[in-house]
Amino acid sequence: MPLPDLSPLSDDLRPRREILIEWKLACGPRPDWKAWKNLGSKDKSYLLHARAQNCSNPSNEESGYVSVYNGEGIESVLARNKQSVEHVVTRSDVNGSDPGDAENDPLGWVEATATANSRRSNISLVLWPGMYVREKVRIDGVLHFVPPENQRARLARKWAFIRASYSDEVSPPSDAQKKHSAEICALMKHAKPFEYELCVNETFKHDYNYGNPLLEEDAGKWLDDVQWRKIVFKT
């Protein structure tokens, strides 16, 4: 019995493999991050809170690191002991109910107050431009959380990083996120990163030789790549 011809399948898979290899090289060697369940407060401080504070210049609006949902400066958040690690791709979207590498990667975390983190919970984010009256809205029948518009590019860069880096581990985006994929990529491409975004990423590159390519000058190379977008949005 002749074997089936798999050449079309190979051709379809080859670009995806190639883009993932290129992406991995652009990120740098992935550290062996400690499992999320084993992280203590000192680990979280070292990987997120202290880096955020060290990269903050509160006297300058563009470089004063703020919590992502309520815009409170990191200095105030830490002084009130209200800091919280926000997984931009929620842990419930990683490996179902099992632990996964995507939840361990600090490049997918962002500073949020504990209250705001709780309000967002595990629902999908609005990552495209547009005004919404409420903080939570139902789009295509699915509840979404609406971050401040000026923070959506910042969130999207972390969201897309995790989805590109751990594509086999994360659940698909919401239908609305897929529908707005072009707008999300355009926002990431054209919205200039905050200085503190770049600074935090640089600390990881310095300490681990590992970073988010979407915070590099050639980020458009990825955001314009149709195959990369298919990986991120699972289309």
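For the structure, check the block above.
Cut-offs used in this document
- Residues numbered from 1 in each chain as written.
- Predicted model: local features only at pLDDT ≥ 70, side-chain atom pairs only at ≥ 80, totals over all residues.
- Heavy atoms only, no water.
- 1 Å grid on protein atoms, 1.4 Å probe; cavity = no way out; pocket = protein on both sides within 12 Å on 5 of 7 lines; lining within 4 Å.
- Points joined across faces, edges and corners; volume = space filled by probe spheres on them.
- Nonpolar A, V, L, I, M, F, W, Y, C, P; charged D, E, K, R; others polar.
- Helix = DSSP H or I, 4+ residues; strand = E, 2+ residues; numbered from the N terminus.
- Buried < 20%, exposed > 50% of the residue type's maximum accessible area, 1.4 Å probe, protein only.
- Pairing = 2+ DSSP bridges.
- Arc of directions from axis to C-beta.
- Contact = heavy atoms within 4.5 Å.
- Salt bridge = Lys/Arg side-chain N within 4 Å of Asp/Glu carboxyl O.

K.L.:
Where do I start with empty space enclosed by the protein in this structure?
P.N.:
Taking a probe equal in size to a water molecule and rolling it over the atoms shows the remaining empty space. If you walk through the whole model with that rule in mind, you get one cavity of 30 Å³ or more. In this structure, the largest cavity is lined by 15 residues; those nearest its centre are Lys-158, Glu-197, Val-200, Asn-201 and Leu-215. In terms of residue class, the lining of the largest cavity is built from nine nonpolar, two polar and four charged.

K.L.:
Please explain unusual backbone geometry as it appears in this structure.
P.N.:
Peptide bonds are mostly trans, and most non-glycine residues show a negative phi. With a phi close to 55 degrees, Asp-140 is a non-glycine residue in the positive phi region. Mapped onto the elements of the fold, Asp-140 is located in the loop between β4 (136-139) and β5 (142-145). Unusually for a residue other than glycine, Lys-234 sits at a positive phi of about 50 degrees. Here Lys-234 shows up in the segment after α11 (226-233). Its relative accessible area of 30% is what places Lys-234 among the partly exposed residues.

K.L.:
When you look at the sheet that holds β5 in this model, what are you seeing that I'm missing?
P.N.:
Where strands meet in a sheet, backbone hydrogen bonds hold them as pairs that are either parallel or antiparallel. Reading across the sheet, the three strands line up as β3-β5-β4 and stay open at both edges, with mixed pairing between neighbours. With one partner strand each, in any of the chains shown, β3 (124-125) and β4 form the two edges of the open sheet.

K.L.:
What is the right way to read helix α8 (residues 181-190) from this model?
P.N.:
Residues that lie three or four places apart on an α-helix share one face, since the helix turns once every 3.6 residues. Residues of α8 that are buried include every one of Ser-181, Ile-184, Cys-185, Leu-187 and Met-188, and no others. The buried residues of α8 occupy an angular sector of 155 degrees when the element is viewed end-on, so they sit on one face. Buried residues in α8 make contact with α6 (152-165), α7 (175-179), α10 (220-223) and α11.

K.L.:
What's the story with the pairing of β5 in this structure? I'm lost.
P.N.:
Every regular strand shows the same layout, with side chains that alternate between the two sheet faces. Where β3 lies against β5, two bridges are found, and the strand directions are parallel. Each bridged residue has a counterpart across the sheet, and for Leu-125 the counterpart in β5 is Phe-145. Judged from the four bridges that link them, β4 and β5 form a sheet pairing that is antiparallel. Each bridged residue has a counterpart across the sheet, and for Lys-136 the counterpart in β5 is Phe-145. Between β4 and β5, which follow one another and run antiparallel, lie two residues, and Asp-140 among them has a positive phi close to 55 degrees.

K.L.:
Just checking my understanding: could you explain the pattern of salt bridges for this structure?
P.N.:
Two side chains carrying opposite charge are able to pair once their charged atoms lie near each other. In the structure shown here, the tally under the stated rule is twelve salt bridges. For Glu-86, the salt bridge is made with Arg-120, and the minimal N-O distance between the two is 3.0 Å. Note that Glu-86 is positioned in strand β1 (residues 83-87) and Arg-120 in helix α5 (residues 114-120), a separation of 34 residues in sequence. We note that Glu-86, like Arg-120, is buried. Through salt bridges with shared partners, a single network forms among Glu-202, Lys-205 and Glu-216.

Coordinates in, geometry out; function isn't part of it.
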